[in-house]
Structure formats: C-alpha cells, structure tokens
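# Observations on the model geometry
Chain by chain, the residues:
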Amino acid sequence: MSIVKLQQRIAAIKQELAELGDLRPGSLSQQYNTCGNPACRCKNAEDPQRHGPYYQLTYTRKGRSHTEFVRRDDVDTLREQLATYARFRTLTDEWIECSIEIAALKRQAAKRRQTRRKPHAGNDD
C-alpha cells in the first residue's frame, strides 16, 4: 500500500476512534453458586439447581487485577462497553501497523534516493 493510502487509513481510524462511546476492558463471566442451606434446591442430590447466574467482570489495569460483580440490569450495557473496547483495541492495533508500514516505506525511499546519489565505481572525478 502507498504512504498516501496508509495516511488516509490512519485519518479514518482517528475519526472512528473519536466517535467511539463508553468502553471498558475485561471479560464478563457467569457464576452459579451453592449456598449453606442443606435443604436448598442447590443441594438436591438428584438434580441440583445452583443459584444464579451472577455476573462478574474481570480485568487488569496498571498491572493490577480487578473483579467486580455486575447487576443483571447492567449486563447489556457492559457488553456494549466491552465490544467498544475491543473495537478500540482493533483500531489502535491497525493504526500502529499502518505507522510501521509507513516508516518502512519511508526508509526504503530514503535508501533509493541515497543509492541514486552515489557516484559510480571507477569514476575518477
């Protein structure tokens, strides 16, 4: 791809990043628990029915792990925020790849210019 096309893609990425909504890192899991009541349905030997689901968000930020319980009413919003964060990561990774490719193309162009300027061997000027 050409430098101009890569720069255009970076501009499009920046625009899309600017339009992203709320985001959260991490992963959402469901937990099912048993309680301490020996007569509860979750202790039924034939067909135990554990309590739940309970939702939990786990993420690492600044080198520290975090876990948060999530209310059932907030799960859909959180899923949207997790998807937005995944999109953010995809876009920033693509921006980095485009930038690396631009740098490589610029180095190649500089080498070609430098090669053209060198005098030919055997020239006694």
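Structure: see above.
Below is a summary of the structure that appears in this document. Values in this document were obtained by computation on a predicted structure and should not be read as measured data.

### Examining the overall build of the protein chain
Within the protein chain, the secondary structure is distributed over two helices and three strands. Counting from the amino terminus, the protein chain carries its helices and strands in the arrangement α-β-β-β-α. Against the 2.2 N^0.38 benchmark of 14 Å for 125 residues, the protein chain shows a C-alpha radius of gyration of 28 Å, more extended than a compact globule. When the backbone C-alpha atoms are referred to their principal axes, the protein chain occupies close to 100 × 30 × 25 Å. Counting only residues that meet the buried cut, the protein chain has 19% of its 125 residues in that class. Summed over all atoms, the accessible surface of the protein chain reaches about 9900 Å², with 47% contributed by carbon and sulfur. Distance from the positive charge centre (23 side chains) to the negative charge centre (16 side chains) of the protein chain: 7 Å.

### Focus on the state of the cysteines
All told, the structure shown has zero disulfides when counted by the stated rule. Between cysteine 40, a free cysteine, and cysteine 35, which holds the nearest cysteine sulfur, the sulfur-to-sulfur gap is 3.7 Å. Assessed through its relative accessible area of 15%, cysteine 40 is described here as buried.

### Some thoughts on a positive patch on the surface
Together, Arg112, Arg113, Arg116 and Arg117 give the surface a local cluster of positive charge. For arginine 112, the position within the fold is in helix α2 (residues 75-117).

### Concerning the sheet that holds strand β3 (residues 64-70)
Pairing is antiparallel in the open sheet, where three strands are placed in the order β1-β2-β3. The open sheet has two free edges, formed respectively by β1 (27-33) and β3, since each of these has just one partner strand. Taken over all neighbouring pairs, the strand axes of this sheet differ in orientation by 30° on average, direction set aside. As paired elements, strand β2 (residues 51-61) and β3 share seven bridges and run antiparallel to each other. Opposite tyrosine 55, over in β3, you have valine 70 as the bridge partner.

### Describing the packing of helix α1 (residues 3-18) against α2
The relative placement of two packed helices comes down to the angle between their axes together with the axis-to-axis distance. It is at 10 Å that the axes of α1 and α2 come closest, and there the two elements cross at 160°. Judged on the interaxial angle alone, α2 and α1 are roughly antiparallel. Read as a crossing pair, α1 and α2 show a hand that is left-handed. The segment α1 lies against α2, with Ile3, Leu6, Gln7, Arg9, Ile10, Ile13, Lys14, Glu16 and Leu17 engaging Arg87, Phe88, Leu91, Thr92, Glu94, Trp95, Cys98, Ser99, Glu101, Ile102, Leu105 and Lys106. Across the contact of α1 with α2, the residue classes tally to eleven nonpolar, three polar and seven charged.

### Observations concerning the pattern of salt bridges
Taken as a whole and judged by the stated rule, the model has five salt bridges. Of the charged contacts, one joins arginine 9 and glutamate 94 as a salt bridge, the two residues approaching to 2.7 Å between their closest N and O atoms. A residue pair is termed long-range when its members are at least 10 positions apart, and arginine 9 in helix α1 and glutamate 94 in helix α2 qualify at 85 residues. In this structure, glutamate 16 and arginine 87 form a salt bridge, with 2.8 Å as the shortest nitrogen-oxygen distance. Highlighted residues: glutamate 16 in helix α1 and arginine 87 in helix α2, separated in sequence by 71 residues. Looking at glutamate 16, the relative accessible area reads 26%, which means it is partly exposed. When its relative accessible area of 31% is taken as the criterion, arginine 87 is described as partly exposed. By sharing partners, the salt bridges in this structure join Arg71, Asp73 and Asp74 into a single network.

Conventions used here
Here the residue numbering is sequential within each chain, running from 1 through the sequence in written order. Since the coordinates come from a predicted model, pLDDT governs what is reported: local features require at least 70, and pairs of side-chain atoms require 80 or more to be given and counted, while whole-chain, interface and lining totals use all residues. Derived side-chain values reflect all non-hydrogen atoms in the structure, with water molecules and hydrogen atoms excluded from consideration. Secondary structure counts use DSSP, requiring at least four H or I residues in a row for a helix and at least two E residues in a row for a strand, with both numbered from the N terminus. Only C-alpha atoms enter the radius of gyration; for comparison, a globular chain is expected to reach 2.2 Å times N to the power 0.38, where N is the number of residues. Burial here depends on accessible area, computed with a 1.4 Å probe over protein chains only, as a share of the maximum for the residue type. Under 20% is buried, over 50% is exposed, and the range in between is partly exposed. Calculation of accessible area relied on Shrake-Rupley with a 1.4 Å probe; when residues are assessed, cover is drawn exclusively from the protein chains displayed. Residues scored as charged are limited to Lys and Arg (positive) and Asp and Glu (negative), so that His and the chain ends carry no count. The atom standing in for a charge is NZ when the residue is Lys, CZ when it is Arg, CG when it is Asp and CD when it is Glu. Throughout, disulfides are identified as pairs of cysteine sulfur atoms within 2.5 Å of each other. Patches here: salt-bridge-free residues with over 30% relative accessible area, like charges joined within 9 Å, nonpolar side chains (Val, Leu, Ile, Met, Phe, Trp, Tyr) joined within 5 Å. Put simply, a salt bridge is a Lys or Arg side-chain nitrogen that is within 4 Å of an Asp or Glu carboxyl oxygen. In this analysis, strands are considered paired if DSSP registers two or more bridges between them. Every axis corresponds to a line fitted to the C-alpha atoms, with the helix fit spanning only the stretch in contact, and the corresponding angles, defined between N-to-C directions, vary from 0 to 180 degrees. Oblique is the label for every angle not falling under 35 degrees (roughly parallel), over 145 degrees (roughly antiparallel), or within 65 to 115 degrees (roughly perpendicular). In this scheme the handedness of a crossing depends on how the near helix is turned from the far one: anticlockwise by less than a right angle means left-handed, clockwise means right-handed. Any two residues whose heavy atoms approach within 4.5 Å are treated as being in contact. Each residue receives one of three labels: charged for Asp, Glu, Lys and Arg, nonpolar for Ala, Val, Leu, Ile, Met, Phe, Trp, Tyr, Cys and Pro, and polar for the others, Gly being one of them.

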